[in-house]
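One letter stands for each residue in the lines below.
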Amino acid sequence: MPEIKVTPLGAGQDVGRSCILVSIGGKNIMLDCGMHMGYNDDRRFPDFSYITQNGRLTDFLDCLIISHFHLDHCGALPYMSEMVGYDGPIYMTHPTKAICPILLEDFRKITVDKKGETNFFTSQMIKDCMKKVIPLNLHQTVQVDDELEIKAYYAGHVLGAAMVHIKVGSESVVYTGDYNMTPDRHLGAAWIDKCRPDILISESTYATTIRDSKRCRERDFLKKVHESIERGGKVLIPVFALGRAQELCILLETFWERMNLKAPIYFSTGLTEKANHYYKLFITWTNQKIRKTFVQRNMFEFKHIKAFDRSYADNPGPMVVFATPGMLHAGQSLQIFKKWAGNEKNMVIMPGYCVQGTIGHKILNGQRKLEMEGRATLDVKLQVEYMSFSAHADAKGIMQLIRMAEPRNMVLVHGEAVKMEFLKGKIEQEFSIDCYMPANGETVTVTTNPSVPVDISLNLLKREMALGGPLPDPKKPRTMHGTLIMKENSLKLVSSEQALKELGLNEHQLRFTCRVQLQDPHSDPDTLHRIYTHLKSVLKGYTIQHLPDGTVMVESIVIKVSSSAEDPNTKVLLLSWSYQDEDLGSFLSTLLKKGLPSGLC
Amino acid sequence: MKLYCLSGHPTLPCNVLKFKSTTIMLDCGLDTTSVLNFLPLPLVHSSRLSKLPGWVSKDGTVNLEKRELLDLSTIDVILISNYHCMMALPYITEHTGFTGTVYATEPTLQIGRLLMEELVNFMERVPKAQSATCWKNKEIQRMLPGPLKDAVDVWTWKRSYSMQEVNSALSKVQLVGYSQKVELFGAVQISPLSSGYSLGSSNWIIQSHHEKVSYVSGSSLLTTHPQPMDQSSLKNSDVLILTGLTQMPTANPDGMLGEFCSNLAMTIRAGGNVLVPCYSSGVIYDLLECLYQFIESASLGTTPFYFISPVANSSLEFSQIFAEWLCHNKQTKVYLPEPPFPHAELIQTNKLKHYPSIHGDFSSEFRQPCVVFTGHPSLRFGDVVHFMELWGKSSLNTIIFTEPDFSYLDALAPYQPLAMKCVYCPIDTRLNFHQVSKLLKEVQPLHVVCPEQYTQPPLTQAHRSDLMLELQPPPMPYRRCSVLNLPFRRRYERVYILPELANSLVPSEIKPGISVATVSAVLHSKDNKHTLQSVPKPPPVPPSKKRKRVIEEPPVVLAPKPLLSGAVPLEAFLATLQKHGITEVKVEETADGHILHLQAEDTLIQLEEDGTHIVCDNNEPLRTTLRDLVLRFLQKL
């Protein structure tokens, strides 16, 4: 039985360093290659030694697919391809291909230049790795090789995020990456067609949450920012440069315009301008509304939002600052946080998920005293708000996607075990499909049962369909017969006659002739007629003919009558049939041996 | 499989393919050459034009390529290959009962929408007080002067459509990406391929599991802005429908581009203005890119470039957002991120300005000498008409024709006498005959179908046998209103054997490498998909205790016996008989084989090359034994 195997190397019952191995129809595919924000040691990257202990990965993988540019999905890419070694194809969408190297370079700078780590990938490695990338277009069917094909679907979440459908023969797997089932201010909702994959591998970040309407959350967010500004406080919003940041910028920009607010909004790092430029050039990846109006008014040209300079942090008066990175684990957002943490007028709004181990995670859990490097502690006095703006599907969204794709099995990754457990139960109950939640390094094996594609001769098919009538009769299914010819890799189903012809074989006729003696005091033609009447009554549903040349035909069986030379009352019946009518012939000879019933006229 | 050819224009095709119970329209180009029969529609009242005697035009019309060859409401889908080939879409989808889907790529849809919008705008902003239709009557048309008298099928000329009809038509478009596979009714699969001609332009593959039709329309192998042409996917076609070759087989696009630049520079230096009548999308992007590089070296840095069209801004903006559909070089720019086309920089530095029309801002900001890009290339409507009136009288000015769709002499006719210089640099990047024969050699289609124009050299250059298609076997030519029977014999169809049945099959090797298995199954057909299932077991007959007449129940025909093949070898058969205790066998040789007389059993077996005949009376057990022994030597199918 064919099997599909799914093994997470990362993101198994965890969020971070997404990396999932899939074996399907003899092909090995790696889905995502991310890093973990919560670790600074070996656990940062997926454990590639699971694939091979020594040597390069090229021989073991047919392709690598990156779902989107977030570092927990692509952060280990240069490490994997250049340091461990992989030269095969890497697939990602155009926006991901454009943005991913910038974030990788950023990540490298923070790790190597700021923290002084060695043995890390270099800028050149990022460049070399990106050279191996083949861009994917939405809905394009890409033939990785003769058997393996992949197709990308829109996933929402961030610019260029994609879900992938992986297909080998009639087996298939869908991997969602991170996705969002509700359109937001700048992106559309994820969509997939009813592709009925054998396995759907879905993220489950918000497995237990059913979030209130987006509008409410936006109103809350604006209210909190506004209140803080009113009382002269500073608002810090840690974000990743691309993604949520643009959505919140659009939100604040329109709010500032409407309320005619004067407090400055800053966006940290030089990436802003650039990031917004990406959104302008990849506007076809945003939502319908932005795409429709972009000629008149480009939503990514902000009037109120200006670039941030480090010195501004000490300026008096209210301000709003977007700073990277989003989990307060390093960089500018952390610096500003340290500066502002002591003042209770200030506020930090965490608009996304924070991985365990990061400061973001700690303050969200209510920690008010933080241990910093060098044994210093930091008292957190400012207000901490959590606003779930990260564009992940919630429980409702995940169920909705299952309904869309109709998978036969479900695998949950990219979430916390407890939450997954809950969702797993719900899925199994509602869809009656198996749901798995493997831990890292644990393999899920699903046996598939694919149908065998065969070429049927059109003659045979048409004959069959014509005989079958327009509607099938469930009580009396029609059986069709044919010969399956297996030659090299082709499977052809043809009628037996055609099979003989095609294989250049002669038909061999096997015939049987059988004489049956019968006592019947009638003339020969009368006997024949009596046999005809008798058979008519016994054999319902068969073609029985009384031919003028003095024979009776039952289907293709010939029956002749002659009188015995010695006794005119002893009749000799001659039955002759071919092997194709063997059952009937055998039946008839036995039947006629018993004589004719007397009641016949 | 049939092909209905509704257009005779080789670059604006409209064909309908009937394939496996689907009806697929391939493109619906709008042949607008008929507007050359009309006078220009001026934006500003022209005393010269209105004083012309006689037959004054009142219709804004276009020639619609369709005939009552088939009922348009039966069309299931329309496949669009590029934005020039969709301009007749509203005529097809509106008011004909069309209920199907239109497939196109996103750039094709967006730019096609712009071009239609522009056309409608050109027509609607010069409303006509009255319109004449009586002249279309054959009797009156006969008395008309000039070429109008000889125009054919004038009754098919229609008024331009409205914006409402455009919107309604375009709402029926379903977007597709290159190499996307779309199933139509489970019967056929369609897939667009990059054709390299314009943004989002595509060729189409229409295939089932066993048949493949390629539709090639407007393709280019030159390196311009669009993604390169996908040639390899056209391989193994049974039929290749070839349309949209270059209309200027003797003009080299690169040479024309050079000539364009030098003429432009010459005129400007002499203090004249340059008028470029062109479409609002397509080659204009390449012209602007070429000028971007040329401006500095030719010291044209201060010359203003104007692009005037109701959709000028949109066209320039849209060109920048289709990174996926661009050539590799331009894609790389987007990754930086920089706009893929340099006209963004021309706009930023104020070298290129765009205006919706000559009215408004343009009239106040307009400086001479300048270069104006504007439509429509036929010179019959659009802002270009105004510039012809304005600049036509001065020999300092130059008009440079770059679009190959209209004869420039015919286009200029109503403006004669003209002092302005005329330069004809048609730029047509579509495949030429040399490229196409190389391509066909590469992809090896079994049959080629093409417009009849491609099977003979052009009338004006009858000796140029290199300007036609020469193929073996010769291509099947079509003309307007032809119906071609495509040489196709469908022999196989895909059917799926369910796993349970597949597992129950018993294959036997009949020749080295070839195995056969007999299949008895129930066929299920749904949505044009066929599956074979195991025959359900009949419900067990309740054992009847009353009468035991099992034998008298006639056999139910479930599985007929397989056909047999092979021959029964005499020696081996005799040996087998012996093993089964039949020893007294008399063998008699006949013309065709042997007769075996089993003396003890009084049974005859006639063995021949292609048949065996067992004559056995009153001994059913013996007969079945003999039957099985014979079967041992035969193959079953």
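Now for a quick tour of the structure. (Residues numbered from 1 in each chain as written. Chains lettered and ligands numbered in written order. Predicted model: local features only at pLDDT ≥ 70, side-chain atom pairs only at ≥ 80, totals over all residues. Heavy atoms only, no water.)

1. Re the sheet that holds strand S28 (residues 585-589) of chain B
Taken together, the nine strands give an open sheet; going across it, the order is S27(A)-S28(A)-S29(A)-S30(A)-S26(A)-S31(B)-S30(B)-S29(B)-S28(B), and neighbouring strands pair in mixed fashion. Each end of this open sheet is capped by a strand with a single partner; those strands are strand S27 (544-547) of chain A together with S28 of chain B. Looking at each pair of strands side by side, their axes are set apart by 20° on average, direction ignored. Here strand S30 (residues 603-608) of chain B pairs with strand S31 (residues 611-615) of chain B via five bridges, running antiparallel. Across the sheet, the residue bridging to B:Leu607 is B:Thr612, located in S31(B). Most of the contacts of helix H17 (residues 570-579) of chain B go to strand S29 (residues 593-598) of chain B, to which it runs at about 15°, and overall it touches S28, S29 and S30 of chain B. (Pairing = 2+ DSSP bridges. Helix = DSSP H or I, 4+ residues; strand = E, 2+ residues; numbered from the N terminus. Axes fitted to C-alpha atoms, helices over the stretch in contact; angles between N-to-C directions. Contact = heavy atoms within 4.5 Å.)

2. Some points on the pattern of salt bridges
The tally for this structure, following the rule as stated, stands at 39 salt bridges over all chains. Here A:Lys132 makes a salt bridge to A:Asp87, at a shortest N to O gap of 3.2 Å. Here A:Lys132 is found in the loop between helix H4 (123-131) and strand S6 (133-136), whereas its partner A:Asp87 is found in the loop between helix H2 (77-85) and strand S5 (90-93), with 45 residues between them in sequence. Residue A:Asp87 is classed as partly exposed on the basis of its relative accessible area, which comes to 42%. Between A:Glu385 and A:Lys224 there is a salt bridge; the shortest N-O distance is 3.0 Å. With A:Glu385 in strand S19 (residues 383-386) and A:Lys224 in helix H5 (residues 214-230), this residue pair connects regions lying 161 residues apart in the sequence. Among the charged side chains, a network of salt bridges with common partners joins A:Glu582, B:Glu620, B:Arg623, B:Arg627 and B:Asp628. (Salt bridge = Lys/Arg side-chain N within 4 Å of Asp/Glu carboxyl O. Buried < 20%, exposed > 50% of the residue type's maximum accessible area, 1.4 Å probe, protein only.)

3. Some details on the nonpolar core
Core analysis: the biggest nonpolar cluster contains 246 residues, and A:Ile201, A:Phe221, A:Phe337, B:Leu89 and B:Phe373 have the highest contact counts within it. When residues of this core are assigned to their parent elements, the largest contribution, nine residues, is made by helix H3 (residues 106-124) of chain B. Residues within four places of A:Phe221 in sequence aside, it is in contact with A:Ile237, A:Leu248, A:Leu251, A:Leu252, A:Ile349, A:Met387 and A:Phe389. Residues A:Leu528, B:Leu596, B:Ile605 and B:Leu607 belong to the second largest nonpolar core, which totals 46 residues. (Core = buried A, V, L, I, M, F, W, Y, C linked by side-chain atoms within 4.5 Å.)

4. With respect to the state of the cysteines
Applying the stated criterion across every chain, the model contains zero disulfides over all chains. Looking at the unpaired A:Cys129, the closest cysteine sulfur is the one in A:Cys100, lying at 6.9 Å. (Disulfide = S-S within 2.5 Å.)

5. A closer look at the sheet that holds strand S15 (residues 319-323) of chain A
Residue and element names in this part refer to chain A. The parallel open sheet is built from six strands, whose spatial order is S14-S13-S15-S12-S16-S19. Each of the sheet's edge strands pairs with one partner strand only, and the pair in question is strand S14 (305-307) and S19. Taken over all neighbouring pairs, the strand axes of this sheet differ in orientation by 25° on average, direction set aside. Sheet topology note: the strand S16 (residues 347-350)/S19 ladder contains four bridges and is parallel. Paired with Met 347 across the two strands is Gln 383, which belongs to S19. Of the strands in this sheet, strand S12 (234-238), S15, S16 and S19 touch H5, which is tilted by about 145° from S12. Where helix H6 (residues 244-259) meets the sheet, its contacts fall on S12, strand S13 (265-267), S14 and S15, and the angle it forms with S15 comes to roughly 165°.

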